Each structure stands twice: as C-alpha cells, then as structure tokens.
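Here are the chains, one letter per residue:
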Amino acid sequence: MSKEVNSTEKGWYRTSLDSEVERYWNGKTWSRKVRIVSNSKAQVKEFLETDPKPAFDWKALFTRERIAFLATALGLVVVGLVIWQSSIPPAINDQSMNHRTFPATPSPTNTKKPKPKFVETSSLSETSVCKIEDQRIIRTQPNNVGFPLTPDIIPAVGTADIIVIAVDFTDAPGEGSPAEFLNTQMNKIQEWASFFSEGKLTFNFQTSPDWVHVPVASGGFNIDPEVANGPNAFRAIQQEMAQEIINATGSQFDWTNVDGVLFQFPSSIQGVAKDLGDRGVAFSTPQGPKNLFFWGGGQYHHIDSGSLTKQTKQELTWAFWIHEMLHSQGLAQHSPGNGIQTSLANNQYGQSLVLDGWETFLLGWMPDEKVFCATTDQLGEANLILSPIETQIPGNRMGVIKLSESEALVIESRRATGYSSGWQRDMNGILVYRINTTLDNDRSQECCGDLGNDPAFTKWGYFLLPEGHVADTSQGPNNQHTKLMAKEGDKVVSDGITIELIYSGDQDFVKITKQ
C-alpha cells in the first residue's frame, strides 16, 4: 500500500493520529486541498504504520515552464529598478534653492525643540486694577480708549439689529441678484462676532433678496472723502442720501428695534467717492423716528487701489462693515499702528482681521480670568503663558502691566492662522504695545504722512519694537508688522521692564522682568 501511495495512487490521507483533517495526494505532490473527516483512531493508526508520508518531488516543482517564468519576472524587476534610479533628481545645493517658487512648509513636529520647564505666575493684581480709565484731555472723536465703555448706538453685548440693503439708482443699476453676496457677508459677520465676543454678541439681520431701487441719480449726491476725525462738510448730503434710500424701502422692513443700516451699492455708483456714513442720526421710518448708524461703500470700494484689488475689497466687505459698526459700539480703533496689518481695527482690508486684545477687553468680550494683570510695584519677575488670540486654546489671552493711572504695557500672542491667515507663515510670536489713555487719535495725515506708529501723530497706543529690529516703512504701514513681531528669543524693553519670549509653540512662554 505504501508503494502505491508513493507512486500513482491518488486519494485523501490523514497525516496525524489525532487529526480530523485529510490532505489530497495527486500521485506526485500533496495538494493544498483539505477536508474534515471523522474516523476511528484505530483505523488512522493502522494507516500511518503501513503508509508513510510520500516523499516530496523536487523535479515536479522546478519544471521547465516555471523556471522560464521566474527568469522573465526577475528581468522585469531589474529593468524597473534602473528606470526608477534614473528618475531621481540630483542633489539640490543652496544656490538652486534660492530659485524655488513654492511656499516653505512648516518644520515637522518631531524636529521642534521641547517645551522648557516654565512655571506660570498667577495674576498679581485683580483684573479691575488693569482696566485703565479713559482720561483724554483733548477728545478728537467720541469713542473710548479706556474704561469704562460708554454705551453707544449698537450694543456691544446682546443682540444688534441691523438692516442690510442692496441699493441701486437710475444712473447706477444693480446687476444680477445681490442675495448670495449679502448672505455671505452677514454669515461672516455672525461668525466673527461669535468668535471674538465668545458668544456675547449676536446679530439679527433683515435684508431683501433684490435691489432696492432709488428713483434718483446717485451722481446728484456729491460726497468727497473727508478728513478723519475732522469737520464733515458733507454730513447733510450724506444724511439726505440715506433718507432717500430708507424712503425707497417702503414697508419691506420692520424698523422698530433697528440699531443701524448697511448699504451695498453697484460698482457703477456715482457721486460717493469713498464712504457714505454717519451715526446718531434721526431718520424717518415707517415705525417712526429712529436714531441710527449707517454706512455704505462708494467708488473707492469698487476699484483697484495699488496692490489692493477690487476683488479683495468685495470679498472683505464684511470686515469693513464690522470695523464701521465697532465705532458705533464705542471703540476708537485706528491704534496702535493705524493702517498696519495687525487687525481690522487698523486695516479693514488687511492680512489680519482680528480685534486687538485691549479693545476686546474694553468691549467686555475678554473674560477677566483670561487677563494677566500686574503693577510695576508688584512686579519683580513673572512668567506668563499666553494663548494666541487667533485660536481658542484655553489660557490667558493678554498680559497688562500697569505703569500709571493712565498708562500700561500690553502683551498679546499672535499666530498666522485663522483670522490672521493672510500673514506670512512665520508671523508667530508676541506683539507688545504701550497705551496712554490721556491721548486721542490724530488721523489728520493718515492719507499722506502718518505711517501709523509715528509718535509725531498722537495715538492712544503705539507698538514697541523688539531689540535689534528696525522698523520697515518702505511701503508705508504695509510691512511694519513683520518687524513689530517679537519671536522666540526676542526681547522688548520699555519703562524699565524687559519682556522676553522664551518659547513659542502652540502658546507663548513670556518672561517679564523689572530691571
């Protein structure tokens, strides 16, 4: 029987005494086929004693056909390796890297140096101590630069009721439906307010899906740009134009609880060179007289202005609207660094569209527990961990060092992400500025002389340069933010206090030392 199995006898065989698995012998080799059986152990034992396992047939494995196939496959592998090797570019030297056109990518996280041991210092004073009072001697505008915030036309906390109207005229007809554009702007305003107010402010918008037609020519209202914070020679004309628009709305809107109205004009608007805006104006509405804020963008907002394109202006209409409404919520804005690209308070069409820490604090949007406060009398050495204001990372959002009853140093952490994603990718660190609530904003030369951070023009706040940095005014306010940012290892020194950025990761570790 053994001889028959080793030669030609095909069939199923069990190879283990206790196994219930049989394998198939095809006369030459064992097949991969198996089957389950259930026979008595006695029969299996007898079979194994008389029928040893068949020998393995190596000749059957290495047939002529199989050897030819393996040789062909190996040849194809060798050819593929040669082609792949030839496709690898040569090593790139430092000189060739100067010509790359792609943006730099962040360093991998595993190459970032570990966080240093850093024990955070608790706030040394009650936050109320750092709520520096508004003590302006000469007031060039009605908005607050210090505490307390004076209630204004649009509430800073709660619900703001705003009507948004797309308006056209006989000489400036509207094109297409404005609904999608208006809805986008309103949604972005809602999102921004929710983020920076931490849910303390919401908007209730009313709008129309179609253009509201005013049956007069826009060119009949000649409104030239006025000097900011100066006499407004066109105020009466602006109010007349706004009233004409309100009249044209008929009964479309309920004006009962409205705080303000925003106008969107066609690109062919005439007469209004830059802005149509005012506040605290009594208008006649279907629900009676209403004291309102209003604003609309004229020709300037529909044309290219140097490197600032009309497309960017249209996309960021929501940011300009927020800026104008913030004035009617009590903020002076335009400082520190008027025109510099650090916030929409300074540059409504800029690369960073946050609200600076001090004015967020002033509005009541920044909780007291997120503000580190100290006076110079208490300060020796303190460690402060700051979370960037562009993120929602828990922790302190701002540090305030009170210098006097009207002056303070303010520290905030910043990142090129979120509402500052327009910044260069390496714009990560801290901004430090000095506030003085006895001063107001001189905006008389912002068009043609004041570069935003020049002490020759009074402001309630000025940015402080880190040691070794030189201000870049080659492009006016545009690039100054790149030099104002203190990065890891940098120091800012002012009023006998050194502010050093020890470590910059998800958060900033700041060491504050009184000299």
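Below: a short report on this structure. (Residues numbered from 1 in each chain as written. Predicted model: local features only at pLDDT ≥ 70, side-chain atom pairs only at ≥ 80, totals over all residues. Heavy atoms only, no water.)

Overview of unusual backbone geometry
Note that the residue after F147, namely P148, is joined by a cis bond; omega there is -5°. In this fold, P148 is placed in the loop between helix 5 (94-97) and strand 4 (158-169). Cis rather than trans, the peptide bond between S335 and P336 has omega equal to -10°. If you trace the backbone, P336 turns up in the loop between helix 9 (317-327) and helix 10 (357-362). Phi is positive for H334, close to 55°, though the residue is something other than glycine. With respect to the helices and strands, the residue H334 is situated in the loop between helix 9 and helix 10. (Helix = DSSP H or I, 4+ residues; strand = E, 2+ residues; numbered from the N terminus.)

Some details on empty space enclosed by the protein
Inspection of every chain in the model, using the stated rule, returns 3 cavities of 30 Å³ or more. Of the volumes computed, that of the largest cavity is approximately 80 Å³. The wall of the largest cavity is formed by 13 residues, among which Q264, W295, G297, H301 and T317 lie closest to the centre. Those elements that place two or more of their residues in the lining of the largest cavity are strand 7 (260-264), strand 9 (288-297), helix 8 (310-315) and helix 9. Per-element tally for the lining of the largest cavity: the top contributor is helix 9, with 3 residues. In terms of residue class, the lining of the largest cavity is made up of 6 nonpolar, 6 polar and 1 charged. (1 Å grid on protein atoms, 1.4 Å probe; cavity = no way out; pocket = protein on both sides within 12 Å on 5 of 7 lines; lining within 4 Å. Points joined across faces, edges and corners; volume = space filled by probe spheres on them. Nonpolar A, V, L, I, M, F, W, Y, C, P; charged D, E, K, R; others polar.)

Side note on the environment of I163
Within the fold, I163 resides in strand 4. Along the backbone, I163 and V261 are 98 residues apart, and their C-alpha atoms lie at a distance of 4.7 Å. With near-sequence residues (within four places) excluded, I163 lies in contact with Q206, F253, D254, W255, V258, G260, V261 and L262. (Contact = heavy atoms within 4.5 Å.)

With respect to the nonpolar core
By size, the foremost hydrophobic cluster in this structure holds 64 residues, and its most contacted members are W192, F203, L326 and W358. In contact with W192, other than residues within four places in its own chain, are W318, I322, L326, L344, L353, V354, L355, W365 and Y419. Membership of the second largest hydrophobic core comes to 27 residues, among which are F221, A242, L276 and F283. (Core = buried A, V, L, I, M, F, W, Y, C linked by side-chain atoms within 4.5 Å. Buried < 20%, exposed > 50% of the residue type's maximum accessible area, 1.4 Å probe, protein only.)

Here we look at the pairing of strand 18 (residues 508-514)
Here is the key point about a regular strand: its side chains alternate between the two faces of the sheet. Sheet topology note: the strand 11 (residues 381-386)/strand 18 ladder contains 6 bridges and is antiparallel. Bridge pairing links I385 to F509 in strand 18. Bridge count between strand 17 (residues 497-504) and strand 18: 7 bridges; the pairing is antiparallel. Pairing of E500 across the sheet is with K511, part of strand 18. (Pairing = 2+ DSSP bridges.)

Focus on the sheet that holds strand 14 (residues 429-436)
With mixed pairing, the 5 strands of this open sheet are ordered in space as 10-12-13-14-15. At either end of the open sheet lies a strand with only one pairing partner, and these are strand 10 (371-375) and strand 15 (461-463). Ignoring which end each strand starts from, the neighbouring axes of this sheet average 20° apart. Judged from the 8 bridges that link them, strand 13 (residues 407-414) and strand 14 form a sheet pairing that is antiparallel. When the bridges of strand 14 are listed, A408 appears paired with I435. (Axes fitted to C-alpha atoms, helices over the stretch in contact; angles between N-to-C directions.)

A word on the state of the cysteines
Per the counting criterion, the structure on display carries 1 disulfide. Across the disulfide from C130 sits C373; the S-S distance is 2.0 Å. Looking along the S-S bond of the C130-C373 disulfide, the torsion reads about 90°, which is the right-handed sense. Taken together, the residues span a long stretch of sequence, with C130 in the loop between helix 5 and strand 4 and C373 in strand 10 at a distance of 243 residues. Judged by its relative accessible area of 0%, C373 falls in the buried class. (Disulfide = S-S within 2.5 Å.)

Comments concerning the side chain of R136
For R136, the location among the structural elements is in the loop between helix 5 and strand 4. Assessed through its relative accessible area of 6%, R136 is described here as buried. From its side chain, R136 meets the backbone oxygen of N143 in a polar contact 2.9 Å long. Within the structure, the side chain of R136 is placed 2.7 Å from the side chain of D440, a separation counted as a polar contact. (Polar contact = N/O pair within 3.5 Å; in protein donor to acceptor, adjacent residues only side chain to side chain.)

Quick word on the environment of N143
Here N143 lies in the loop between helix 5 and strand 4. The class for N143 is buried, based on a relative accessible area of 3%. Distance in space between the C-alpha atoms of N143 and L331 is 5.1 Å, their sequence separation being 188 residues. Look past the residues within four positions of N143 in its chain and what remains in contact with it is D134, R136, D152, R279, H327, G330, L331 and A332. There is a polar contact of 2.9 Å between the side chain of N143 and the side chain of R279.

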